[in-house]
Amino acid sequence: MSDFYDFEAVEAKWRNKWADENTHKVVRDESRPKFYLLEMFPYPSGKLHVGHLRNYTIGDALARFKTMNGFNTLHPIGWDAFGLPAENAAINNKSHPHKWTMDNIAEMRRQFKIMGISYDWDREVATCHPGYYKWTQWIFARMFDEGLAYRKKSFVNWCESCHTVLANEQVIDGACWRCDTKVYQQERDGWFLAITRYAERLLDALDELKDGWPERVLVMQKNWIGRSVGAEVDFPVEGGGTIRVFTTRPDTLYGATFICLAPEHPMSLALAKGTELEGEVETFVRETIGEDRIARTAEGAEKKGAFTGRYARNPMNGELVPIWIANFVLIEYGHGAIMSVPAHDQRDFDFAIKYDLLVRIVIRNGDQEDSSQIAAEAMQSAYEGDGAMVNSGPFTGLHNRNEGIEKVIAHLERNKIGEKSVNYRIRDWGISRQRYWGAPIPVVHCAKCGPVRVPDKDLPVILPLDVEFPESGKSPIAELESFINAKCPKCGGPGKRETDTMDTFMCSSWYFARYASPRLDTAMVDKKDADYFLPVDQYVGGIEHAILHLLYARFFTRFLHDIGVVPSPEPFRRLLTQGMVVKDGAKMSKSKGNVVPLDEMAVKYGADATRLFILFAAPPERDLEWNDAGIEGASRFVNRVHRMVTSNIDYMKKGGGAPSGLEGLSKEVADLRRVTHKTIARVSGDFARFQFNTSIAAVMEMVNAMTSFEAKEAQFAPEVFREAVEALITLLSPITPHLSNELWEAMGGKGSMRTKAWPKADADCMKEDEILIIVQVNGKLRGRVTVSPSASKEEIESAAMNDEKVKPHLEGKQVKKVIVAPGKLINFVV
RNA sequence: GCGAAAGUGGCGGAACUGGCAGACGCGCUGGACUUAGGAUCCAGUGGGUAACCGUGGGGGUUCGAGUCCCCCCUUUCGCACCA
């Protein structure tokens, strides 16, 4: 067939043209408003499949839409190019991570171009490039100077399979986020970033993101940061020393009948030393620390403890309370020690029952009658609710929540036995990775000066590429003399370079800022570029980064804002989290073996049809079920549009300019014009709300209307038909850019679709000369009548009553009430 | 256990502030054009012979409920001894 749409040739033509003319290049232009649209950059793992593509298709449609609406749209792409898969793949294939990564980037870049994504390729960055990681190191150096980057020995999460340490955020259900191997605890030296110092601000600022971020991401971050308000209290130990605890319930202090230490607590062993319990305690501590800590501290795990034989004094009532060691107490939260209030905390209650410890009620349970009389022995479970304080010395009688907490804290502070305090669940971010393919941590260890950071002028510390992978599985640079040996930057003496590399999440915590000045060698980002382009106006990515990447990026941005590098304390004004692409009931992924390769789709149906289907099949936030038959429909639609437009090219040239309004048009022509402008209005609204699926449905309806018009009336109104065609391909162009540009050119249109103004709906062209009124009797649909838009209530009523379908339902009945929803509906109540 | 989101035809999904449930697409049925059709076009397509019944189930508010309120069920996701 001669009007067959040769998408292969057409898409190649435009792809080449855009590449040759560098069409999507963006430059700073203060005279125009900017819009920064960004999709989360990919890890270059090989080939793209349609599961990956969703993110970029959504982003591209939005970017093109914004550009057509007059914005100077920054839409860049780059590569999260450091990381373990490259290293593992390289080891398995006797290749090099650098080569593996670069090959993958080349392949994925080609695929992005095939799909017609409108990136400014001049701004491409790769985190493994020295010109990029120089600035990752530079940020580390700034944090080092501020004391935010520090070294400590601690228990860390170790993944045996990845052969490296993981941050808490990277441990999902006790397993490695990347390879799902069970993580265990190991004591190690490593570098940490003090994200906890930003905890409060990161938490508070979530409020400002309410309008632009999905609620659930905000909730997840809030829970992760985990702010608890309470008090620190000192319990003096009989025989010397004090134990400090954190509690959110200072109102229950009088009920604290024992104390529990984490096994790792420095006093755990010391307390029992020299007593007859020493052996027992030591065994318990050793065994507990040796257990899997994730399992041991999981809810539902059996509570176990050992008595130290020693006592502390409750600072409120002077009572002696036994000191225990308990397996469920976390060393890294608060002070690694808790005061136990069995009557009002279920965990403490369970523990007290098991070891027969004293339970004392200090909060009255208002739900129970006269609960002060209930003996503690009769309790079935702890009462964790609020109520009046009892058995609490001078505080007895106060309501715990309304007054008690505050007054007890005041008492603690007055007597210097404690103070108000806020604790966070979030821990400092461990960034040392014992692997090769990452940005070197720019530090030299000197015997005299300790760890010294590399001066800015010596950055970047280059990751050597000429390396061998040792059999041991260790990092090649861990034993590479030429890399390790370095002079101490401070004293000039012999030093050893840090051989751990940075967590790749550091590289991705600031890349969005680098796009503003991607090639600048004298600064992380140019001030003017940053002020103009930043922050990101719309970020698009997967929900799986709700905590990891999005929290780290917020932390980095806040820090960079503090030191005056970026203009905004928050990186992403608005966030769209797109759903997964699912096939055969599982997320599309290489490991599940259910991927639909992108190249296959591009060859069989073309980029436009693939893009169209991805956007049409589901709203962006929901999961998308891949369906091979569905893309056939998209392809059919693309062909249909092409055929309809190209077969009417000569005819459309006949008309003059479009008339104004609907005056003097035949009913059919006026109807077409109404459809055109209503569709413009619908699609504009839907795009603004990211409802691509319904915008496409609206456009399809318009095409249906145009097809029946074409069959009947087209001969008489070339200008109105042409207007419809122009609107059609313009509205479609963010979704099917190749097709739209091709048709625009074919019909003699001037300039590129990319910069063509988004059409405006004209109210004069949407005016109805009759409106449909739904007629109900007792709320049930009984008929439809059409009336003039100016019809009065009475006119509508009589038209409705006289409708043949309605009449039988009113016959012999008395109308009690008539409800009229203007322009829509009339309901008779009988 | 806590928190959030979601449950609508054979399927993906529409229905913005309560007002024609099922737009649009897929699939299916019939027809046209054809040597042929897995191309294209036309018609039909929630269930029921009908009155009617239908948005996970049960109550409620309302002239009117997929939409609002209460209770319950299912699924998905997140959190889960953080004192």
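Refer to the structure presented above.
Everything in this summary refers to the structure shown in the same document.

Topic: the overall build of chain A
So, point 1. On a plain count of helices and strands, chain A comes out with 27 helices and 32 strands.
So, point 2. Overall size of chain A, expressed as C-alpha extent along the three principal axes, is 105 × 85 × 50 Å.
So, point 3. Per-residue burial for chain A yields a buried fraction of 54% across its 830 residues.
So, point 4. For chain A, long-range pairs separated by at least 24 residues make up 73% of all intrachain contacts whose partners lie at least 6 apart in sequence.
So, point 5. As presented, chain A carries roughly 36,400 Å² of accessible surface, and 50% of it is formed by carbon and sulfur atoms.
So, point 6. Charged side chains in chain A number 105 positive and 113 negative. The centres of these two groups are separated by 3 Å.

Re empty space enclosed by the protein
So, point 1. Across all of its chains, the model carries five cavities of 30 Å³ or more by this definition.
So, point 2. The volume enclosed by the largest cavity comes to roughly 190 Å³.
So, point 3. Lining the largest cavity are 19 residues, and of these Leu84, Arg178, Arg433, Asp503 and Thr504 sit closest to its centre.

Section: helix α4 (residues 97-114)
So, point 1. For α4, with 18 residues, the first-to-last C-alpha span of 26 Å sits near the 26 Å given by 1.5 Å per residue.
So, point 2. The set of residues buried in α4 consists of Pro97, Trp100, Thr101, Asn104, Ile105, Glu107, Met108, Gln111, Phe112 and Ile114.
So, point 3. Directly beyond the C-terminal end of α4, a positive phi value near 70 degrees is found at Gly116.

Thoughts on the sheet that holds strand β27 (residues 586-587)
So, point 1. If you walk across this open sheet you meet the three strands as β27-β26-β28, and the pairing is mixed. For this open sheet the edge positions go to β27 and β28 (624-625), each flanked by a neighbour on one side alone.
So, point 2. In this sheet, β28 lies alongside strand β26 (residues 581-583) in parallel orientation, the contact comprising two bridges. Pairing of Val582 across the sheet is with Glu625, part of β28.

Focus: the sheet that holds strand β13 (residues 305-313)
So, point 1. Strand order in the open sheet formed by four strands is β13-β14-β12-β15, with mixed pairing between adjacent strands. Taken across any chain shown, the strands that pair with only one partner, and hence form the sheet edges, are β13 and β15 (337-340). In this sheet, adjacent strand axes meet at a mean angle of 25 degrees when their direction is disregarded.
So, point 2. Pairing of strand β12 (residues 258-261) with strand β14 (residues 320-326), which is carried by three bridges, proceeds in the parallel orientation. Each bridged residue has a counterpart across the sheet, and for Ile259 the counterpart in β14 is Ile323.

A look at the environment of Ile773
So, point 1. Considering the arrangement of structural elements, one finds Ile773 in strand β29 (residues 771-777).
So, point 2. Under the relative-accessibility criterion, Ile773 is labelled buried at 1%.
So, point 3. Sequence-wise, Ile773 and Lys824 are 51 residues apart; in three dimensions their C-alpha atoms are separated by 5.1 Å.
So, point 4. Setting aside anything within four residues of it in sequence, one finds Ile773 in contact with Gly783, Arg784, Val785, Val787, Ile796, Gly823, Lys824, Leu825 and Ile826.

Considering the side chain of Thr136
So, point 1. Along the chain, the position of Thr136 falls in helix α5 (residues 130-145).
So, point 2. The residues touching Thr136, leaving out its near neighbours within four places in the chain, are Met502, Met506, Cys507 and Trp510.

So, the protein's contact with RNA strand B
So, point 1. For RNA strand B, the set of nearby residues contains 49 residues, the closest of which are Ser228, Tyr333, Arg347, Arg425 and Asn827.
So, point 2. When atoms of RNA strand B within 4 Å of the protein are split into backbone and base, the sugar-phosphate part holds 64%.
So, point 3. Between RNA strand B and the protein, one listed contact pairs a base oxygen with a side-chain N or O atom of Arg784 at 2.6 Å.
So, point 4. Asn827 has a polar side-chain atom sitting 2.4 Å from a base oxygen of RNA strand B.
So, point 5. For the surface near RNA strand B, the leading source of residues is helix α23 (residues 692-712), giving six residues.
So, point 6. A class-by-class count of the residues in the surface near RNA strand B yields 20 nonpolar, eleven polar and 18 charged.

Some remarks on the side chain of Ser517
So, point 1. Tracing the backbone shows Ser517 in the loop between α15 (511-514) and α16 (527-533).
So, point 2. At a separation of 2.9 Å, a polar atom in the side chain of Ser517 contacts the main-chain amide nitrogen of Asp526.
So, point 3. When residues no more than four places from it in sequence are discounted, the contact partners of Ser517 are Arg123, Met524, Val525, Asp526 and Asp529.

A short note on the packing of helix α22 (residues 667-688) against helix α24 (residues 718-732)
So, point 1. Here α22 crosses α24 at 15 degrees, and the two axes come no closer than 9 Å. On the basis of the axis angle, α22 is roughly parallel to α24. By crossing handedness, the relation of α22 to α24 is classed as left-handed. Each of Val669, Leu672, Arg673, Thr676, His677, Thr679, Ile680, Val683 and Phe687 in α22 lies in contact with α24, whose residues at this interface are Val720, Phe721, Glu723, Ala724, Ala727 and Leu731.
So, point 2. Of the residues that constitute the contact of α22 with α24, the class distribution is ten nonpolar, three polar and two charged.

Description of the pairing of strand β9 (residues 184-193)
So, point 1. When strand β5 (residues 149-159) meets β9, the two strands line up antiparallel, connected through ten bridges. In the strand pairing of β9, Tyr150 is matched with Phe192.

Here's the deal with the packing of aromatic side chains
Aromatic ring pairs are described here by two measures, namely the spacing of the ring centres and the angle between the planes.
So, point 1. In this structure the tally under the stated criterion is 45 aromatic pairs.
So, point 2. Measuring from ring centre to ring centre gives 4.7 Å for Phe65 and Trp758, while their planes differ by 90 degrees; the resulting arrangement is edge-to-face. Of this pair, Phe65 sits in helix α2 (residues 50-68) while Trp758 sits in the loop between α25 (737-746) and β29, placing them 693 residues apart in sequence.
So, point 3. The exposure class of Phe65 is buried, given its relative accessible area of 7%.
So, point 4. Members of the aromatic cluster, each reached through a chain of ring pairs, are Trp177, Tyr198, Trp429, Phe505, Tyr552, Phe555 and Phe556.

Points about the layout of surface pockets
So, point 1. The computed volume of the second largest pocket comes to approximately 290 Å³.
So, point 2. Considering the residues around the second largest pocket, the lining is formed by 14 residues, among which Arg188, Gln434, Ala478, Thr499 and Asp500 are closest to the centre.
So, point 3. Secondary structure elements with two or more residues in the lining of the second largest pocket: β5 and β9.
So, point 4. Its residues placed into classes, the lining of the second largest pocket shows two nonpolar, five polar and seven charged.

What about helix α12 (residues 400-414)?
So, point 1. Listed in full, the buried residues belonging to α12 are Asn400, Gly404, Ile405, Val408, Ile409 and Leu412. Around the axis of α12, the buried residues are gathered within 120 degrees of arc, so they sit on the same side. Relative to its buried face, α12 has exposed residues pointing more than 90 degrees away, namely Asn402, Glu406 and Arg414.
So, point 2. Looking at the packing, one finds that the buried side of α12 touches β10 (227-236) and β16 (418-424).
So, point 3. Residue Lys416 follows α12 closely and has a positive phi angle near 55 degrees.

Scoring rules and cut-offs
Residues numbered from 1 in each chain as written. Chains lettered and ligands numbered in written order. Predicted model: local features only at pLDDT ≥ 70, side-chain atom pairs only at ≥ 80, totals over all residues. Heavy atoms only, no water. Helix = DSSP H or I, 4+ residues; strand = E, 2+ residues; numbered from the N terminus. Buried < 20%, exposed > 50% of the residue type's maximum accessible area, 1.4 Å probe, protein only. Contact = heavy atoms within 4.5 Å. Areas by Shrake-Rupley, 256 points an atom, 1.4 Å probe, with all protein chains shown as cover. Lys, Arg positive; Asp, Glu negative; His and termini not counted. Charge placed at Lys NZ, Arg CZ, Asp CG, Glu CD. 1 Å grid on protein atoms, 1.4 Å probe; cavity = no way out; pocket = protein on both sides within 12 Å on 5 of 7 lines; lining within 4 Å. Points joined across faces, edges and corners; volume = space filled by probe spheres on them. Expected span 1.5 Å × (residues − 1). Pairing = 2+ DSSP bridges. Axes fitted to C-alpha atoms, helices over the stretch in contact; angles between N-to-C directions. Near = heavy atom within 4 Å. Polar contact = N/O pair within 3.5 Å; in protein donor to acceptor, adjacent residues only side chain to side chain. Nonpolar A, V, L, I, M, F, W, Y, C, P; charged D, E, K, R; others polar. Parallel < 35°, antiparallel > 145°, perpendicular 65-115°, else oblique. Left-handed = near helix turned anticlockwise from the far one by under 90°. Phe/Tyr/Trp six-rings, centres within 6.5 Å; stacked < 30°, edge-to-face > 60°. Arc of directions from axis to C-beta.

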